[in-house]
Amino acid sequence: MKPAAFAYLAPSSVEEAVDRLAEHGPDARVLAGGQSLVRLMNTRLATPSVVVDVNRIPDLDHIGADNGTVHVGAIARQRSCELAPLVRSRVPLFAEACSQVAHVSVRKRGTVVGSVAFADPCAELPAALLALDGQVVARSRAGERVIDADDFFVGPFENSLAPDEFAVELRIPVTAVERTGSAFVEVSRRHGDLPMCGASTVVQLDEDGAVANARIALCGVGQRPMRARDTEDLLLGQRPADELLAQAAELTAAATDPIGDCHASAAFRRHLARVLTRRSLQTAVARARKEDTDA
Ligand SMILES: Cc1cc2nc3c(=O)[nH]c(=O)nc-3n(C[C@H](O)[C@H](O)[C@H](O)COP(=O)(O)OP(=O)(O)OC[C@H]3O[C@@H](n4cnc5c(N)ncnc54)[C@H](O)[C@@H]3O)c2cc1C
């Protein structure tokens, strides 16, 4: 199939982009890497009358850091984030999640912000952003709005951006601090497929080896990425022994609300949530202790 007819606009500044979005409202869609939008348009699951291509706006491909925060611009590619030394060293969970999105060829075009904006409940990057307490910076004619990841993901393929808002940047607090480890693990049917379930975990230990801070988010187990807050509370102040991690995995699985589909039944997704929560916790704890996790 071919896409329905649409007008193609290529603004050269953020101001021009938000003007175009304000003029066309819900009839317009931002085009970033096109790895999801073009497929939807070709199958006519999306029929925007205006496409606002943001790829020609200068300086939106930045990956930088200041004051303990990593910044990722709207057209920074998933592959660039995966390989950027700054991301790998300061928010290794995010680089690890990027490395598991699709295939290299898709990651070279697909943007990090586009994946977050697309809000696929099975996608890796929304769950990673949620576990990292990241934020989305939105711009419109009215100015700038900073949205916590927890408030950004509304439902399947639905985010909290208004039609005239454009996500210009992600902000991700640095996790590379003492005694902190993280891990992103997933299971998909084939290499490069969207995961049936994925678990992203950040664990900080105190000087005695007990959990000082834990953040866990899953994809593929509900209408939006899920933060496992009860599990985080359970872990706080406890030594992360195997029995505790098994208990944490049970609690997380019980909190999921998965939907069965052609890729996996609801029961299998819940089973994966249990297995992957435990696995991601074990790896994150081992990394926090600086144990060899590649063995
Ligand atoms: C073969 C294949 C395999 C894939 N496997 C995976 C996978 O395993 N995991 C995974 O997560 N994804 C997967 N994807 C999807 C891929 O990661 C996309 O790159 C991603 O979902 C969207 O990023 P994009 O830059 O291509 O966005 P686009 O396709 O350009 O846009 C996607 C949506 O987000 C909106 N949008 C984009 N940028 C912005 C912005 N800055 N502000 C506001 N709205 C915006 C668009 O309007 C559109 O609605 C796969 C895609 C393909 C083709």
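Up top is the structure these notes are about.
Here's what I pulled together on the structure shown here. Given the structure is predicted, the values throughout are model-derived calculations rather than measurements.

In terms of regular secondary structure, the protein chain is built from twelve helices and 14 strands. Its C-alpha atoms give the protein chain a radius of gyration of 19 Å, within 12% of the compact-globule value 19 Å for 295 residues. Along the first, second and third principal axes, the C-alpha set of the protein chain runs to 60 × 45 × 30 Å. Counting only residues that meet the buried cut, the protein chain has 51% of its 295 residues in that class. Put simply, of all contacts in the protein chain between residues at least 6 apart along the chain, 63% involve residues at least 24 apart. Put simply, the protein chain shows about 13200 Å² of open surface, and 48% of that area lies on carbon and sulfur atoms. For the protein chain, the distance from the average position of its 33 positive side-chain charges to the average position of its 39 negative side-chain charges is 6 Å.

Let us look at unusual backbone geometry. At asparagine 67, a residue that is not glycine, the phi angle is positive and equals roughly 40°. Take asparagine 67: its relative accessible area is 79%, and that puts it in the exposed class. Here phenylalanine 157, not a glycine, exhibits a phi torsion of approximately 60°, which is positive.

Bringing the site of the ligand into the picture now. Surrounding the ligand, one finds 28 residues, the nearest of these being Val30, Gly34, Leu37, Thr111 and Glu124. At 2.6 Å, a side-chain N or O of threonine 111 approaches an oxygen atom of the ligand. The contact in question runs from a nitrogen atom of the ligand to an N or O atom on the backbone of alanine 167, over 2.8 Å. Relative to its free-state accessible area of 960 Å², the ligand is covered by the protein chains to the extent of 87%. Every element with two or more residues in the shell around the ligand is listed here: strand S2 (28-31), helix H7 (112-118) and strand S10 (166-173). With five residues, H7 is the largest single contributor of residues to the shell around the ligand.

Cut-off values and rules
- Residues numbered from 1 in each chain as written.
- Predicted model: local features only at pLDDT ≥ 70, side-chain atom pairs only at ≥ 80, totals over all residues.
- Heavy atoms only, no water.
- Helix = DSSP H or I, 4+ residues; strand = E, 2+ residues; numbered from the N terminus.
- Rg over C-alpha atoms; globule rule 2.2 N^0.38 Å.
- Buried < 20%, exposed > 50% of the residue type's maximum accessible area, 1.4 Å probe, protein only.
- Contact = heavy atoms within 4.5 Å.
- Areas by Shrake-Rupley, 256 points an atom, 1.4 Å probe, with all protein chains shown as cover.
- Lys, Arg positive; Asp, Glu negative; His and termini not counted.
- Charge placed at Lys NZ, Arg CZ, Asp CG, Glu CD.
- Near = heavy atom within 4 Å.
- Polar contact = N/O pair within 3.5 Å; in protein donor to acceptor, adjacent residues only side chain to side chain.

Everything listed is a geometric property; what it means functionally is a separate question.
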